Amino acid sequence: MWQYVFKRLLLMIPTVIGAAFVIFFLLRAMPGDVCELKLGGEGAYVDEAQITLCREQLGLDDPLAVQFADFVWGIATLDFGTSMITGRAITYEMGLRFELSLQVAIMATIVAIMISIPLGTLSAVYQNTWIDYIVRTVAIAGIAIPSFWLGILILLALLSISEAMTGTRWTPPLDYVPIWEDPVYNLSMLIWPAVATGYRYSAVATRMTRSSLLEVLREDYVRTARAKGLVEKIIINRHALKNALLPVVTVIGIEFAFLMGGLVVTEQVFNLNGLGNLLVQSVTSVDYTMTQGIVMVIVLVFVITNFFVDILYAWLDPRIRYS
Amino acid sequence: MTEMTTDQLEELRDRISLFKQFTGFVRKQPLGTAGGVVVILYILMAVFAPYITGFDPTENFYQNQFVAPGMQFPMGTDEWGRDILTRVIYGSRTALFVGFTCAIVGSTVGLVLGVGSAYYGGLIDLLFQRVMDVFMAFPLIIMALAIVSMSRSLHLPPDTSVYFVIIAITIPFIPRCARVVRASALAIREIPYIDAARANGFSDARIILRHMVPNVMAPYLIMITAFVGQAILLEASLSFLGLGVQDPVPAWGLMLRNAQEFIRTEPWIAIWPGVAISLGVFGFNLFGDAIRDALDPKLRTQ
Amino acid sequence: MQTKLWKLALGAVAAAAFSFSAVAETPKYGGTLNFVVGSKIPSYDGHVETTFGMIHPIAPFYSLLMRVNPANPGDPTDFQCDLCEGDVPAGAEGGTLFTFKIRQGVKFHDGTPLTAADIVASWNKIIFPPEGIASARKAFYKMVESVTAPDDFTVVFKLSFPSGSFLPAMADPYAFIYSKKDLDEHGYTWHKMNINGTGPFVFVEHQPGAFVTGVKNENYHHEGRPYLDGFKAISAPKMSARVQAIEGDRASIEFRGFPPKQRDDLVNALGDKITVQESDWNCVLMVTPNHSRPPFDDPRVRKALTLAVDRWGGSQYLSQIAIVKTVGGIVFPNHPLAATEEELVQIAGFSRDLEASRAEARRLLKEAGQEGLSFTLNNRAVDQPYRVVGTWLVDQWKQIGLTVDQQVNPSPVFYDILRKSGDFDVSIDFNCQSVINPIADVSKYLPSAGNNYANFEDAEIEEVYDRLLHAGTFEEQRVIMREYERMVLDEKATQAVTLWWYKINPYRSYVKGWKIAPSHYLAQQLDQIWLDK
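Residues numbered from 1 in each chain as written. Chains lettered and ligands numbered in written order. Predicted model: local features only at pLDDT ≥ 70, side-chain atom pairs only at ≥ 80, totals over all residues. Heavy atoms only, no water.

(A) The environment of E190 of chain B, seen in detail. Turning to its location among the elements, E190 of chain B is positioned in the loop between α7 (161-189) and α8 (192-199). On a C-alpha basis, the gap between E190 of chain B and I263 of chain B in space is 58 Å, while along the polypeptide they are 73 residues apart. (Helix = DSSP H or I, 4+ residues; strand = E, 2+ residues; numbered from the N terminus.)

What follows is the structure, given as structure tokens:
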């Protein structure tokens, strides 16, 4: 087992370096100049000398190999440097957003689990009945409805419902307060994006629960249990569900990693100051260091989540370790 | 009445069995059938767009700004006085073009890479898997932003922007398909007859094409049907972020982006494109699920 | 009908100004003002930055030497002293010497007393920055020869030639006064990330991407101000989020401006809890053809582009969906130096007879052998008003048989194409200024101007502008301005203007004392604002 863990750990390194390589050169292939944008802003005239100097200060004139080495060394030492636009430490800028993104991701996961496990089970147990059809329709709708559209509709509904109930219009807060400082304020802001993304996310998980449960229900030991005359409920709770959850955990793991950096559109709709938005902002202002930093954090979250999922798999299913 | 020749009989039998398969599908997969109907309707809508509506989707009629849904404009008009129904209909062209192209190209490249990687194995396989890992881990939005930005500085002829949207969406599909295909192909590679074929001196290309590819067609087709809906949704998201196709091209995501400003005062502008996306993706997903159930041997017996 | 509307629009602006002065209430003290900002803060250094995303949250921490009167910011000639004392000085020695008396007893937020040396150091940083130090508006002060302090409370600006554009430029809202001590001790880039001013509010916290907060400066130099206990500038990049913030009372106001539909939306929803102020806006989007790329080197083609545009019609229907409205030439429409309607309709593309203009456009294209020309339009990925105006232009050009592909690019790509690579057929560009200062503002159309990206040279235009810059009297300036305008927009058609922006600010009615300015950069120190709650 430990050998497998070690091998799996080693395999993370090329992925991380590969991602670093891709983002580094992708950024430099994009048009646009951070100095031009920083100094020229909204239409101001900047002379060449200032731009040259700015580029020099930011180290943009160093050979690419040197810049890349700096960047990789930075990842290795967990020192991402400073933002080319704001000049603040990237770890500080990311730290602010990481908290919020993490909370939304966790809440969305909870929402998704609460919806998907019961619904997926129902759907599998009553396969090809009207219950199954309804559950699947609801689940597929979750994938089909664009999350930004759902977000806009939720916000509109909040305005109308609050007015109908209290007479004044209510909108979620605009600024993030950590949950331990003011839980009510915090939750009244973040519950909505968590529901909007959690629904989409639950759709994937519901389908996975259903299909893996169906597979398990056909396995021999379940048939044996049935033959022994065990009550259906016990079979499902005690035997089937436990074994069927593995692929569901995988899906949840991968989705969780995605939620950390992939919620750009939802963040925009709900005015969340999260990692996804920071990422888009820094790319659109050609802030190389900042973009690289965030991409690497997202890649790391992804790689580490996958690592744990794989380890879990190997632990539960010894065949994997030896293959 | 003349006697039927054996050929005709054969044909008839084929037809009957095809019909039986079809009715069987409809009976077993009512949801999938519903999805299939939606898919066919959307395809018809895209193909026959100019025959369904008389309006030009890009022509502005300033005297018709913000007309509510009614007799003349069943879904109302938008901020430029354009008929929304017309734009929703023409929008299906953009959506389906992007959807099918991305799904087919992404899955096919994935198929080739996945099978090749499984067949050659060893170092090639190892390297290939690491590259796929990188692309799996990479945030899609950055890829899309970078590709779209780069395309702008290339100074390409007009109306090529949609191809870059397609590239941006296709890239993340490749590793996902390749991974699934590789897993199936690995299993097939273990079967002794591949070794036998090798021993007989068949070329690599022949073995791959004749023996391995046909055996991974099921996951390949499942991936294609699953990707179409996802590609439509991704295109809508990119357009919503302003990274997709540009005005005045009719596209649902772009229509939603523009409609945000009017969602309170003229809600019909924001509702129909959203319905078009949701229903379309819904249909493709239902259909894709049914195809998966039909093709997946494990589930077929159920 | 159209004339009537045009006059109505002007009337509405005047009425708004009147109604404001008619209401005089006693300000109440206290409360915190929450407002939303749609753009981000690149740095805190006003001398370097050019965005409202920075001026809205940061301006309240600083003072200026002199400023636009925040109670009457719509008047382009109403200036008042901020850190100077008494009236704004009139020029001596033929308008080449300006002596400012400095207010005594003013303290920076860190306790350092303010003297003339601080003002001289700040202005020298703006006008004569050392090598390697950026100064965004240095070009406004070409006429300044020196800034000196004969004693602790006097500052003297000496000009090399008299210019009508000097005083308005002095009221630039970005010209923050820094402490000389900070500049000496921490260097010229310290202010990018640190704040120490003399403004009505003291900096508390900036959470990047989220908000900036400030509290009342108890030692503020304007007697009895500010009224607020503090403010919170909340970042909300998406328009819908900003509108909803005001609707749900999470924020009271947004200072840039909303499109008309958002105004209607808020007024419909909240009735008299919402107050709306509107004004012409000192911003205009321009069409910049690339003269170095055929066929845009041909004045006939360029003129056809401007002739095709239905400005009077656009003023009606485009103003329903975008933050643009007013038809004008190169000068801010409400300014005395601007063309009257009679003068305007003489210019190509401004005629009331649209059909004739478009026929002429087609004829010119035919003559130039460019019928059915097809090209791309470089535009910026900002919805209001860039993308809307771009979509409109594409349709206008379609009317004369041109096929135009709009490429909406993220800002860095847009700038890269427009300013650096020059790899475009036709691009959108913009002229957006703070203090209304037409003579300085129209330098944008000068081929030699650093921020003119049309890639051409023209000695005649340069000569006319030079005369304009040195013209002594208003009458003279006005005549030369007309000559310059005709040359740029009609005869040579070097660039074309679209519609001028129109600023609409719907806000919570309990916000008092705020007066709309013709620019979203102006009068943002917030010392005059109070809350009637």
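Still more ground to cover, so stick around.
(B) Summary view of the interface of chain C and chain A. Taken together, the contact pairs 52 residues of chain C with 44 residues of chain A. Together, P208, Q244 and R250 of chain C form the three largest contributors to the area buried by chain C at its contact with chain A, with a combined 16%. On inspection of chain C and its partner chain A, the count reaches 3 salt bridges. Between D175 of chain A and K232 of chain C there is a salt bridge whose closest N-O contact spans 2.4 Å. The tally of links between chain C and chain A comes to 10 residue pairs in polar contact (both at pLDDT 80 or more). Within the residue set of the side of chain C that touches chain A, elements represented by two or more residues are β7 (201-207), β9 (230-235), α6 (239-247), α7 (260-270) and α13 (411-421) of chain C. Counting residues per element, the side of chain C that touches chain A draws most heavily on α13 of chain C, which supplies 7 residues. (Contact = heavy atoms within 4.5 Å. Buried area = accessible area lost by both parts, 1.4 Å probe. Salt bridge = Lys/Arg side-chain N within 4 Å of Asp/Glu carboxyl O. Polar contact = N/O pair within 3.5 Å; in protein donor to acceptor, adjacent residues only side chain to side chain.)

(C) Fine view of the side chain of E261 of chain B. Assignment of secondary structure puts E261 of chain B in the loop between α11 (252-259) and α12 (268-295). Nearest to the buried, unbridged E261 of chain B among oppositely charged side chains is R387 of chain C, at 6.8 Å. At 3.1 Å, the side chain of E261 of chain B forms a polar contact with the side chain of Q384 of chain C. When near neighbours in sequence (up to four residues on either side) are disregarded, E261 of chain B contacts M239, P259, K261, Q262, I321, D383 and Q384 of chain C. (Buried < 20%, exposed > 50% of the residue type's maximum accessible area, 1.4 Å probe, protein only. Lys, Arg positive; Asp, Glu negative; His and termini not counted.)

(D) Local environment of the state of the cysteines. All names here are of chain C. One pass over the structure, following the stated rule, counts 3 disulfides over all chains. Between the sulfur atoms of C81 and its disulfide partner C84 the distance amounts to 1.8 Å. When the S-S torsion is -105 degrees, as for the bridge of C81 with C84, the disulfide is left-handed. When sorted by exposure, C81 lands in the same class as C84, which is buried. (Disulfide = S-S within 2.5 Å.)

(E) The arrangement of the packing of helix α2 (residues 30-47) of chain B against helix α4 (residues 84-120) of chain B in detail. Residue and element names in this part refer to chain B. The N-to-C vectors of α2 and α4 enclose an angle of 110 degrees; their axes lie 8 Å apart at closest approach. Relative to α4, the element α2 is oriented roughly perpendicular. Where α2 crosses over α4, the two elements pack in a sense that is left-handed. Contacts between α2 and α4 involve Y42, I43, M45, A46 and V47 from the former and V88, I89, S92, R93, L96 and F100 from the latter. (Axes fitted to C-alpha atoms, helices over the stretch in contact; angles between N-to-C directions. Parallel < 35°, antiparallel > 145°, perpendicular 65-115°, else oblique. Left-handed = near helix turned anticlockwise from the far one by under 90°.)

(F) Examining the interface of chain B and chain C more closely. In this complex, chain B contributes 28 residues to the contact, which on the side of chain C involves 37 residues. Here chain B meets chain C over a buried area of about 2,900 Å², counting both sides, of which 47% is carbon and sulfur. Contact with chain C buries area across many residues of chain B, yet W80, R152 and E261 of chain B alone supply 22% of it, more than any other trio. Remark: the boundary between chain B and chain C carries 4 salt bridges. A salt bridge links K261 of chain C to E266 of chain B; its shortest N-O distance comes to 2.7 Å. Those elements that provide at least two residues to the side of chain B that touches chain C are α6 (140-153) and α11 of chain B. Class assignment for the residues of the side of chain B that touches chain C results in 8 nonpolar, 10 polar and 10 charged. (Nonpolar A, V, L, I, M, F, W, Y, C, P; charged D, E, K, R; others polar.)

(G) Representation of the pattern of salt bridges within the structure. For the structure shown, the criterion picks out 51 salt bridges over all chains. Taking the shortest distance from any N to any O, the salt bridge between R179 of chain B and D133 of chain B comes out at 2.4 Å. With R179 of chain B in helix α7 and D133 of chain B in helix α5 (residues 122-137), this pair connects stretches of sequence that are 46 residues apart. The shortest N-O distance in the salt bridge between D527 of chain C and R67 of chain C comes to 3.1 Å. One end of the pair, D527 of chain C, is in the loop between β17 (511-512) and β18 (530-531); the other, R67 of chain C, is in strand β2 (residues 66-68), with 460 residues separating them in the sequence. An identical accessibility class is assigned to D527 of chain C and R67 of chain C; each is buried. Residues joined by salt bridges that share partners form a network here, namely D298, R300, E360, R363 and E367 of chain C.

(H) View of the side chain of D132 of chain A. Within the secondary structure, D132 of chain A is located in helix α6 (residues 130-144). If sequence neighbours within four positions are ignored, D132 of chain A has contacts with S123, Y126, Q127 and R210 of chain A.

(I) Representation of the sheet that holds β9 of chain C in the model. Residue and element names in this part refer to chain C. One open sheet holds the 5 strands; their spatial order is β7-β8-β9-β1-β10, and the pairing between them is mixed. Every other strand in the sheet has two partners, leaving β7 and β10 (253-254) as the edge strands with one partner each. Relative to strand β8 (residues 211-216), β7 runs antiparallel, the two sharing 6 bridges. Counterpart to H206 in the pairing with β8 is V212. (Pairing = 2+ DSSP bridges.)

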